[in-house]
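Summary of structural features
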Number of protein chains: 2
Amino acid sequence: MTELFCGRLGRMALPREYTNQACSMVRALEIVGERWTLLIVRDAVFGVRRFSDFVEHLGIPRAVLTERLEFLIGEGVLKRVPGPGKRSEYELTAKGRGLWPVVRALSAWGDEHYAPDGRRRVFVHAGCEGEVAQSGACLRCGEDVTLARTVMTPGPGLTPPSPEDGQVSAILSRPRPLLQPVH
Amino acid sequence: MTELFCGRLGRMALPREYTNQACSMVRALEIVGERWTLLIVRDAVFGVRRFSDFVEHLGIPRAVLTERLEFLIGEGVLKRVPGPGKRSEYELTAKGRGLWPVVRALSAWGDEHYAPDGRRRVFVHAGCEGEVAQSGACLRCGEDVTLARTVMTPGPGLTPPSPEDGQVSAILSRPRPLLQPVH
DNA sequence: CTCCTTGATTCGGTGACCGAACTCTTCCGC
DNA sequence: GCGGAAGAGTTCGGTCACCGAATCAAGGAG
């Protein structure tokens, strides 16, 4: 719950109805602008795939999580894949992975203005070891780093999670490649 | 109202309370994650500065706009500046301008997945005339384009606003430098 | 002085969100 | 096979933010 207990976000509902035209940001916000949605996407990028892991890590009400997952699957952002047993797991589609720049930009802005002890997470180009800038380019080799080649590492401003924050928080406080399932 | 009538977004509330720690994206969403907030920032980037222009262009309830503006001023994202007469105008601070990558990333994602007739807006490097990529770099000269040197131009997918959409929509459907006041 | 515009504030109604309890299925150890 | 535990949701009452229309106050124009 660590990451989540941080803050209660608020509300945001669905559009359902809209008239003829739209600027593209409105369309994007209709999909990912609701409360929790971008946090779900972020967790999915970090490798969270199971219902209970989202609940544990985000502290999101289960009913809301159910609705968000269904909606994101319907919009083609997530894909339901069979897990162990008859369980479902949730995986980002290519469209969903396309939201990575949004997540990165928001995190960078938050780090810049709300991390007094320094950045909480630093993203690194796998292999090259260069740092990934907000623009998505590697500061060392200049290459545009794909999501799969990005490694998340804790920064100086990341408070170590306490045990009661749950197992997912603990796993995500250690360096790990993005998209790699936590389980 | 054009841009807005597009869709009803939904709800999103404030955090007010939060415990000790937070990942940076949660902190960022506590500021700009509520309904309307990012649209207000986007409009401010496009040069909207007056209360009534936000209302006209976004279709946001006035009470909600009042609350959002106060909140954003309190957070240092917007700054109240005296306008003509005793009117107030609202202007982005440096911190607020730092949200431009977020707005650009969201718009780009929306354009990519929800603009069947092509992108709705294209951003161009002033002077150089090169197109600004999602990463913020100019595709022609490679330079990282600042907000003030970016010109917004309508793309092929932008539906021309009808007269009843209001004056602000009309102004914003023509090429113009970002941050330049619409009035 | 009066009307109009601008910048809000007020208010009733609605609906999404919260969280705790509950259900149902599957997995695991013996 | 049986009991318990864990996973994946579902249900439900209460609260609170949002919606939209009406209203208010102050400055400017005529």
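Residues numbered from 1 in each chain as written. Chains lettered and ligands numbered in written order. Predicted model: local features only at pLDDT ≥ 70, side-chain atom pairs only at ≥ 80, totals over all residues.

**Thoughts on the pairing of strand S4 (residues 150-154) of chain A**
Residue and element names in this part refer to chain A. Basically, it comes down to this: Here, a strand pair is defined by DSSP locating no fewer than two bridges between the strands. Runs of E in the DSSP output that reach at least two residues are strands. Runs of H or I that reach at least four are helices, and both are numbered from the N terminus.
The pairing of strand S3 (residues 121-125) with S4 spans five bridges and is classified as antiparallel. Across the sheet, the residue bridging to Phe123 is Met152, located in S4. With two bridges connecting them, S4 and strand S5 (residues 176-177) associate as antiparallel partners. The partner of Val151 across the bridge, within S5, is Pro177.

**Brief notes about helix H4 (residues 51-58) of chain B**
The periodicity of an α-helix, 3.6 residues per turn, causes residues three or four positions apart to be oriented the same way. Residue and element names in this part refer to chain B. For the record, the criterion: Burial is judged by counting other C-beta atoms within 10 Å of a residue's own C-beta: 20 or more means buried, 12 or fewer means exposed, and anything between counts as partly exposed, with every C-beta placed from the backbone. Here, the arc refers to the directions that run from the helix axis to the C-beta atoms.
All of the buried residues in H4 are Asp53, Phe54, His57 and Leu58. Along the long axis of H4, the arc covered by the buried residues comes to 105°, so they all point the same way. At the C-terminal side of H4, Gly59 shows a positive phi close to 70°.

**Considering unusual backbone geometry**
All names here are of chain B. Unlike most non-glycine residues, Trp36 shows phi in positive territory, near 80°. Note on placement: Trp36 falls in the loop between helix H2 (24-32) and helix H3 (37-46). For Trp36, a count of 26 C-beta atoms within 10 Å puts it in the buried group. In this model, Leu179 sits at a positive phi of 70°, which is unusual for a non-glycine residue. Take Leu179: it is sitting in the segment after strand S5 (176-177). Overall, the presence of 19 C-beta atoms within 10 Å leaves Leu179 in the partly exposed class.

**Concerning the sheet that holds S3(A)**
Judged by pairing direction, the sheet is antiparallel, and its three strands sit side by side in the order S3-S4-S5 (chain A) without closing on themselves. Only two strands of the sheet have a single partner each, and these edge strands are S3 and S5 of chain A.

**A short note on the packing of helix H7 (residues 100-114) of chain A against H2(B)**
For clarity, the cut-off: To get an axis, a line is fitted to the C-alpha atoms, and for a helix only the part in contact is used. The angle between two axes follows their N-to-C directions and goes from 0 to 180 degrees. An angle counts as roughly parallel when it lies under 35 degrees, as roughly antiparallel when it exceeds 145, as roughly perpendicular when it falls between 65 and 115, and as oblique in every other case. Throughout, a pair of residues is in contact if the C-beta atoms placed from their backbones lie within 7 Å. Amino acid classes used here: Ala, Val, Leu, Ile, Met, Phe, Trp, Tyr, Cys and Pro are nonpolar; Asp, Glu, Lys and Arg are charged; the rest, including Gly, are polar.
Direction vectors running N to C along H7(A) and H2(B) enclose 85°, while the axes themselves pass 7 Å from each other. Between H7(A) and H2(B), the crossing angle belongs to the class labelled roughly perpendicular. For the pair H7(A) and H2(B), contact is made by A:Val103, A:Leu106, A:Ser107, A:Trp109, A:Gly110, A:Asp111 and A:Tyr114 and by B:Ser24, B:Met25, B:Arg27, B:Ala28 and B:Leu29, respectively. Classifying every residue of the contact of H7(A) with H2(B) gives seven nonpolar, three polar and two charged.

**A word on the packing of H3(B) against H4(B)**
Residues and elements named next belong to chain B. Quick note on the threshold: Rotating anticlockwise by less than a right angle from the far helix to the near helix defines a left-handed crossing, while the corresponding clockwise rotation defines a right-handed one.
Two elements in contact, H3 and H4, have axes separated by 11 Å at closest approach and are oriented at 115°. When the axes of H3 and H4 are compared, the crossing they make is right-handed. For the pair formed by H3 and H4, the contact residues are Leu39, Ile40 and Asp43 on the first element and Phe54, His57 and Leu58 on the second. Class assignment of the residues belonging to the contact of H3 with H4 gives a composition of four nonpolar, one polar and one charged.

**Brief notes about the confidence of the model for chain A**
A low pLDDT score tells you not to read the predicted coordinates there in detail. Here is the rule we go by: A score from 0 to 100, pLDDT tells how confident the predictor is in each residue.
On average, residues of chain A score 85 in pLDDT, and 88% of them reach the 70 mark or higher. Here residues 1-21 of chain A is modelled with pLDDT under 50, and outside its nearest four sequence neighbours on either side it reaches 80 contacts, counting other chains as well.

**Brief notes about the environment of A:Gly155**
Here A:Gly155 shows up in the loop between S4 and helix H8 (167-172). Discounting chain neighbours no more than four positions away, the residues touching A:Gly155 are A:Gly118, A:Arg119, A:Arg120, A:Arg121 and A:Val122.

**Side note on the sheet that holds strand S4 (residues 150-154) of chain B**
Read across the open sheet, the three strands follow the order S3-S4-S5 (chain B); overall the sheet is antiparallel. Two strands bound the open sheet, and with one partner strand each, they are strand S3 (121-125) and S5 of chain B.

**Quick notes on H3(B)**
All names here are of chain B. Counting buried residues along H3, ten of its ten residues qualify, which places the element largely inside the surrounding structure. Buried within H3 we find Thr37, Leu38, Leu39, Ile40, Val41, Arg42, Asp43, Ala44, Val45 and Phe46. Gly47 sits one or two residues past H3 and shows a positive phi near 110°.

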